[in-house]
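Understanding the architecture of this molecule
Chain residues, written in single-letter form:
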Amino acid sequence: MKAVMSIRTKAYFVHLFTAIGAVLAMLAMLAAVEEEWELMFLWLVAAFAVDGLDGPLARRYDVKTNAPQIDGVLLDLIIDYLTYVFIPAYALFKSGLLPGWTGWLAIIVITYASAVYFADTRMKTKDNSFAGFPGCWNMVVIVLFTVQPNFWVTLILVVALALAMFTPLKFIHPVRTARWKVLSLPVAVAWTGFAGWAAWTDFYYVNWIHIGLISTSLYLLFAGIAQQIIPARTAA
């Protein structure tokens with residue numbers, strides 16, 4: 001009985017750990033309102049790390065069975081919409097990277113398309129990847145802040161990724177997609193480090209940070225599509 005209570009307690013603590021993301025989202029929003037972009041992204045990177053850890057913990061302690069009173073999936077989606085979509089869209093709009101009507105178009109496209117996508121019951125594939133771009137705008141926007149491309153490039157990228165949400169293109173989950181996980185997981189960890197460093201240094205140009213952030217982003221963006229093109233090896 002004691003062991004049962006222990007695992008239930010741990011399961012509830014996993015939910016409480018997930019909920020930390022809501023606090024980090026508020027801290028990021030407060031920084032964004034003050035246009036302290038580097039601090040905002042540091043909070044978002046911290047939220048990204050929490051999001052990467054809570055899933056494995058939830059499966060380890062089987063929260064659906066041991067802490068069913070709290071819907072962990074719903075809790076995670078609420079926080080993800082804030083940290084992955086809402087706050088990055090606000091930052092993109094207020095930063096001036098997309099001037100005038102382009103900024104308005106971007107925030108409408110990002111928030112609207114992401115709301116529909118997050119409610120889509122078909123967003124996950126059989127191998128625990130994502131069907132369509134999974135609305136990771138926090139990752140996209142921090143790269144845009146770091147690289148600062150021409151605003152037309154930024155706008156085209158935003159529209160293209162929003163459209164990609166509703167395509168059969170596959171995007172990996174670095175933690176849950178088993179295929180290439182031995183590479184994908186370290187790449188995701190490296191991306192977190194590069195993104196955190198870029199934010200910490202107020203996006204000051206450092207060649208190896210830029211190369212690292214761009215290369216890891218490209219891998220995470222296109223690895224799933226590559227898996228669709230390259231057939232998996234079957235056991236003999």
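Above this text sits the structure in question.
Residues numbered from 1 in each chain as written. Predicted model: local features only at pLDDT ≥ 70, side-chain atom pairs only at ≥ 80, totals over all residues. Heavy atoms only, no water.

Remarks on helix H9 (residues 207-229)
Its 23 residues give H9 an end-to-end C-alpha distance of 32 Å, which sits within 8% of 33 Å, the value for a rise of 1.5 Å per residue. Where H9 bends most, at phenylalanine 222, the angle is about 45°. For H9, the full list of buried residues reads Ile209, His210, Gly212, Leu213, Thr216, Ser217, Tyr219, Leu220, Ala223, Gly224, Ile225 and Gln227. Residues of H9 that are buried in the fold lie against helix H6 (137-147), strand E2 (170-171) and helix H8 (181-200). (Helix = DSSP H or I, 4+ residues; strand = E, 2+ residues; numbered from the N terminus. Expected span 1.5 Å × (residues − 1). Bend = angle between axes of the 7 residues up to and from the residue. Buried < 20%, exposed > 50% of the residue type's maximum accessible area, 1.4 Å probe, protein only. Contact = heavy atoms within 4.5 Å.)

So, the pattern of salt bridges
Taken as a whole, this structure holds 2 salt bridges when the rule is applied. The closest approach of N and O atoms between arginine 122 and aspartate 120, which form a salt bridge, is 3.0 Å. Overall, arginine 122 belongs to the exposed group, its relative accessible area being 63%. We note a salt bridge from aspartate 127 to lysine 170, for which the minimum N-O separation is 2.5 Å. Here lysine 170 lies in strand E2 and aspartate 127 lies in the loop between helix H5 (101-118) and strand E1 (130-131), a separation of 43 residues in the sequence. Since its relative accessible area comes to 28%, aspartate 127 is described here as partly exposed. On the basis of relative accessible area, lysine 170 is assigned to the buried category, the value being 11%. (Salt bridge = Lys/Arg side-chain N within 4 Å of Asp/Glu carboxyl O.)

Looking at the packing of helix H2 (residues 37-60) against helix H4 (residues 72-95)
Contact geometry of H2 with H4 gives a least axis separation of 11 Å together with a crossing angle of 160°. For the element pair H2 / H4, the angle class is roughly antiparallel. Considering the relative orientation of H2 and H4, their crossing is left-handed. Of the residues in H4, those in contact with Trp37, Met40, Leu44, Ala47, Phe48, Asp51 and Asp54 of H2 are Asp76, Asp80, Thr83, Tyr84, Ile87, Pro88, Ala91, Lys94 and Ser95. Across the contact of H2 with H4, the residue classes break down as 9 nonpolar, 2 polar and 5 charged. (Axes fitted to C-alpha atoms, helices over the stretch in contact; angles between N-to-C directions. Parallel < 35°, antiparallel > 145°, perpendicular 65-115°, else oblique. Left-handed = near helix turned anticlockwise from the far one by under 90°. Nonpolar A, V, L, I, M, F, W, Y, C, P; charged D, E, K, R; others polar.)

Let's talk about the nonpolar core
Of all hydrophobic cores here, the largest spans 61 residues; its most connected members are Met40, Phe41, Leu92, Phe133, Trp137 and Trp191. Among the elements of the structure, helix H1 (2-33), H2, H4, H5, H6, helix H7 (151-164), H8 and H9 are those that each provide at least two residues to this core. Per-element accounting of this core gives the leading share, 8 residues, to H6. Residues in contact with tryptophan 137, not counting those within four places in the same chain, are Tyr84, Val85, Pro88, Ile110, Ser114, Val158, Leu161, Ala162 and Met165. (Core = buried A, V, L, I, M, F, W, Y, C linked by side-chain atoms within 4.5 Å.)

Focus on the packing of H8 against H9
Two elements in contact, H8 and H9, have axes whose closest approach is 9 Å; the angle formed by their N-to-C orientations is 140°. If you check the angle between H8 and H9, you find them oblique. You can see that H8 and H9 cross each other, and the crossing is left-handed. When H8 is examined against H9, the residues Leu183, Ser184, Val187, Ala188, Ala190, Trp191, Phe194, Ala195, Trp197 and Ala198 are found in contact with a partner set consisting of Trp208, Ile209, Gly212, Leu213, Thr216, Ser217, Tyr219 and Leu220. Looking at side-chain class alone, the contact of H8 with H9 contains 14 nonpolar, 4 polar and no charged residues.

Focus: the packing of aromatic side chains
Under the defined criterion, the tally for this structure stands at 16 aromatic pairs. Here the aromatic cluster, defined as three or more aromatic residues joined through ring pairs, consists of Trp37, Phe41, Phe145 and Phe203. (Phe/Tyr/Trp six-rings, centres within 6.5 Å; stacked < 30°, edge-to-face > 60°.)

Here's the deal with unusual backbone geometry
Trans is the prevailing form of peptide bonds, just as negative phi is the prevailing case for residues other than glycine. A positive phi is found at asparagine 128, a non-glycine position, where the angle reads about 65°. Within the secondary structure layout, asparagine 128 lies in the loop between H5 and E1. Classification of asparagine 128 by relative accessible area gives partly exposed; the value is 27%. Even without a glycine there, the phi angle at aspartate 202 is positive, about 55°. Inspection of the secondary structure assignment puts aspartate 202 in the loop between H8 and H9. The exposure class of aspartate 202 is partly exposed, given its relative accessible area of 47%.

The analysis is restricted to geometry; functional conclusions fall outside its scope.
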